[in-house]
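Listed below, chain by chain, are the residues.
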Amino acid sequence: MPFAPLANDSFLRACRRQATDYTPLWLMRQAGRYLPEYQASRARAGSFMGLATSVDYATEVTLQPLERFPLDAAILFSDILTVPDAMGLGLSFAEGEGPRLAKVVRDEAAVAALAVPDMARLRYVFDAVASIRRALNGRVPLIGFSGSPWTLACYMVEGQGSDDYRLVKGLMYSRPDLMHRILAINADTVAAYLNAQIDAGAQAVMVFDSWGGVLADGAFQAFSLAYTARVLAQLQRTGVDGSDVPRIVFTKGGAPWLQDMQSLDCQVLGLDWTANLASARALVGGAVGGPGKALQGNIDPHVLLAPPARIVQQVQQVLDSFGPPHTDRSTTGPTHIFNLGHGISQFTPPAHVAALVEAVHSYSRAQRQG
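Described below are features of the structure shown in this document.

What counts, and where the lines are drawn
Residues numbered from 1 in each chain as written. Predicted model: local features only at pLDDT ≥ 70, side-chain atom pairs only at ≥ 80, totals over all residues. Heavy atoms only, no water. Core = buried A, V, L, I, M, F, W, Y, C linked by side-chain atoms within 4.5 Å. Buried < 20%, exposed > 50% of the residue type's maximum accessible area, 1.4 Å probe, protein only. Helix = DSSP H or I, 4+ residues; strand = E, 2+ residues; numbered from the N terminus. Contact = heavy atoms within 4.5 Å. Pairing = 2+ DSSP bridges. Polar contact = N/O pair within 3.5 Å; in protein donor to acceptor, adjacent residues only side chain to side chain. Salt bridge = Lys/Arg side-chain N within 4 Å of Asp/Glu carboxyl O. 1 Å grid on protein atoms, 1.4 Å probe; cavity = no way out; pocket = protein on both sides within 12 Å on 5 of 7 lines; lining within 4 Å. Points joined across faces, edges and corners; volume = space filled by probe spheres on them. Nonpolar A, V, L, I, M, F, W, Y, C, P; charged D, E, K, R; others polar. Expected span 1.5 Å × (residues − 1).

1. Some thoughts on the nonpolar core
Core analysis: the largest hydrophobic core is formed by 129 residues, its most contacted members being Phe11, Trp26, Trp150, Met179 and Leu356. For this core, the leading source of residues is helix α10 (residues 176–200), giving 14 residues. Among all residues touching Leu356, those that are not within four sequence positions of it are Leu25, Leu27, Ile299, Leu304, Ile311, Val315 and Phe338.

Right under this line is the structure:
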C-alpha cells in the first residue's frame, strides 16, 4: 500500500547533509512517561509489553508527542530488548523496575544455542511500523531503531541493567571467542530486524549503542564499533517508496572515538551531552561540497527540569556551539539535527518540552537569516 508523500522532510534533508530552513529536532524517548496521555495508554494496556506488542497502542503512543509538539520526526515506540526476547530469552518489565531477561547467555552452551531468530516473531513490530507510517499520513518521517550488537549483548549476559558491567566485561576479557560469537549473531539479527522495519515503511533507522561508552579504548573498536559496522554493511539502502533510508549511529559516551566512527557507513552520528558540537563538526562534519557526517544531539536532558527561560538559553548555547548552519541548497555540507544527549527524563514537564521545541525552531531560523 503506497504511503502519503512527506509534508515535512527537514529531518531527512538534514540526515543527508542538505540545507534546511531551520534545525530539525526530535527527542529520544519522546513517546514516554513524561506525557500524561502515555501514562493513560499504558494503564489501559496493562503493562509496558502490552503497549509495545499491540499495533494499535504502539501507533497511539508514537503519535502522542506529535499531537502536542511540532517535532520533525516520529520514532517507532518499541524497546531494544524485543530482539533478545525473539531469541527466546524471555523479556519482562516489572512495575518500577527496569527490564529483565528470564534466560542469560554466560557460558558455552548458552552461546552455542544462540541463533538469528525468525523475524516472524517480531511481526508485531513491523505491523506497528506500517500502521504508524499510515497514521502519520506524511506529516513527518518515521524512524525505526534497534539496540547495537554490543548493547544487546550487555543485557543478554547481565540479564538486566547494570552499574558495573562486571559479568559482560568479565566474559569479554576471559572468553573473547564467546563474546565475538554473541556479537556476530546479534549483528546479523539487528541487520535483518532493521531491514524488516525498512520494508514495513521506516524512513530512517537508528542504532542505539547505549552502553558502548563503558568500554575501554581498543575494546570499543573490537567489540562495539566492528559489529555496528557489520550491521550497517547489511542494511538496505532504499525504502518502500524508493527513497534512500538514512542510517544513524548513537554511542552514549562515544565522544572519544568520533574519529574512529567517521569510517562507519552511516550518514548521521549522534552525540551525548559530554561532546562538544563545534569540535565534533570540525572533526567529522566535513566541508560544504565535501563528504562528512551530519550530527545529532546533544543537550543534557536534565536541562528540561529548569525553568523555560533557562531552557531557551541552553538551546541557544547548543545551536551556537554547532555554529552557522550550511545554507547552500545546491550542494551538501555540515548539518545538525537537534536532540537530547540521551532519553528524556520521566519527570520532565511537557510545557518545558514545548519551550525547547519553540526555541530550537525560532533561534535556528534566525541563525540562517543573520
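2. Some words on the pairing of strand β4 (residues 142–147)
The buried fraction of β4 is high, at six of six residues. Of the two faces of β4, the one lined by Leu142, Gly144 and Ser146 and the one lined by Ile143, Phe145 and Gly147 are each fully buried. Bridge count for β4 against strand β5 (residues 204–209) is five bridges, and the pairing is parallel. Bridging across to β5, Gly147 finds its partner in Phe208.

3. What to know about unusual backbone geometry
When glycine is set aside, most residues are seen to have a negative phi, and most peptide bonds are trans. Going from Gly297 to Asn298, the amide bond is cis rather than trans, its omega being -5 degrees. Topologically, Asn298 is positioned in strand β8 (residues 294–299). If you check the backbone angles, Arg17 has positive phi at about 65 degrees while not being a glycine. Structurally, Arg17 is set in the loop between α1 (10–15) and α2 (36–45).

4. Let's talk about the environment of Glu37
Tracing the sequence through the fold places Glu37 in helix α2. Take Glu37: its relative accessible area is 22%, and that puts it in the partly exposed class. As for Glu37 and Val61, which are separated by 24 residues in sequence, their C-alpha atoms are 8.1 Å apart. Sequence-distant contacts of Glu37, that is, excluding residues within four places in its chain, are made with Gln64 and Arg68. Among the polar contacts made by the side chain of Glu37, one reaches the side chain of Arg68 at a distance of 2.7 Å.

5. Section: the pattern of salt bridges
Scanning the entire structure with this criterion turns up 13 salt bridges. A salt bridge links Asp241 to Arg133, with the shortest nitrogen-to-oxygen separation between them at 3.4 Å. With Asp241 in the loop between α11 (219–234) and β6 (247–251) and Arg133 in helix α7 (residues 123–136), the pair connects residues that are 108 residues apart, well separated along the chain. Here Asp164 and Arg166 are joined by a salt bridge, their closest N and O atoms 3.9 Å apart. Through salt bridges with shared partners, a single network forms among Glu108, Arg175 and Asp177.

6. Quick look at the environment of Trp26
By secondary structure assignment, the location of Trp26 is in the loop between α1 and α2. With 284 residues separating them along the chain, Trp26 and Arg310 place their C-alpha atoms 20 Å apart. The residues touching Trp26, leaving out its near neighbours within four places in the chain, are Phe11, Leu71, Ala73, Ile75, Ile143, Met206, Phe208, Gln296, Ile337, Phe338 and Asn339. Separated by 3.1 Å, the side chains of Trp26 and Gln296 make a polar contact.

7. Let's talk about the layout of surface pockets
Space inside the largest pocket adds up to approximately 1,500 Å³. Every residue lining the largest pocket is counted, 47 residues in all, and those nearest its centre are Arg29, Arg33, Asp79, Pro99 and Tyr155. Secondary-structure elements contributing two or more residues to the lining of the largest pocket are α2, β3 (99–101) and α8 (149–158). Here the residues of the lining of the largest pocket are counted per class, giving 22 nonpolar, 16 polar and nine charged.

8. Some thoughts on the sheet that holds strand β7 (residues 268–270)
Here seven strands make up an open sheet; going across it, the order is β1-β4-β5-β6-β7-β8-β9 and the pairing parallel. The open sheet has two edge strands with one neighbour each: β1 (74–75) and β9 (336–340). Here five bridges tie β8 to β9, and the two strands are oriented parallel to one another. Bridge pairing links Gln296 to Ile337 in β9.

9. Things to note about the environment of Leu27
If you trace the backbone, Leu27 turns up in the loop between α1 and α2. According to the relative accessible area criterion, Leu27 is buried, its value standing at 0%. The spatial distance from the C-alpha of Leu27 to the C-alpha of Ala294 is 16 Å, given a sequence separation of 267 residues. Setting aside its immediate chain neighbours within four residues, Leu27 contacts Leu71, Asn339, Leu340, Ile344, Val353 and Leu356.

10. Structural notes on empty space enclosed by the protein
Applying the stated rule across the entire model yields one cavity of 30 Å³ or more. Taken together, Gln18, Ala19, Thr20, Pro325, His326, Pro334, Thr335, His336 and Arg368 form the lining of the largest cavity. Grouping the constituent residues of the lining of the largest cavity by class yields three nonpolar, five polar and one charged.

11. Quick look at α7
Because an α-helix completes one turn every 3.6 residues, residues spaced three or four positions apart along the sequence face the same direction. Over its 14 residues, α7 runs 20 Å from end to end, which matches the ideal 20 Å to within 8%, given 1.5 Å per residue. Counting buried residues along α7, 10 of its 14 residues qualify, which places the element largely inside the surrounding structure. Every buried residue of α7 is listed here: Tyr124, Val125, Phe126, Ala128, Val129, Ala130, Ser131, Ile132, Arg133 and Leu136. On its buried face, α7 is in contact with α3 (48–52), α4 (55–68), β1, α5 (82–89), β4 and α10.

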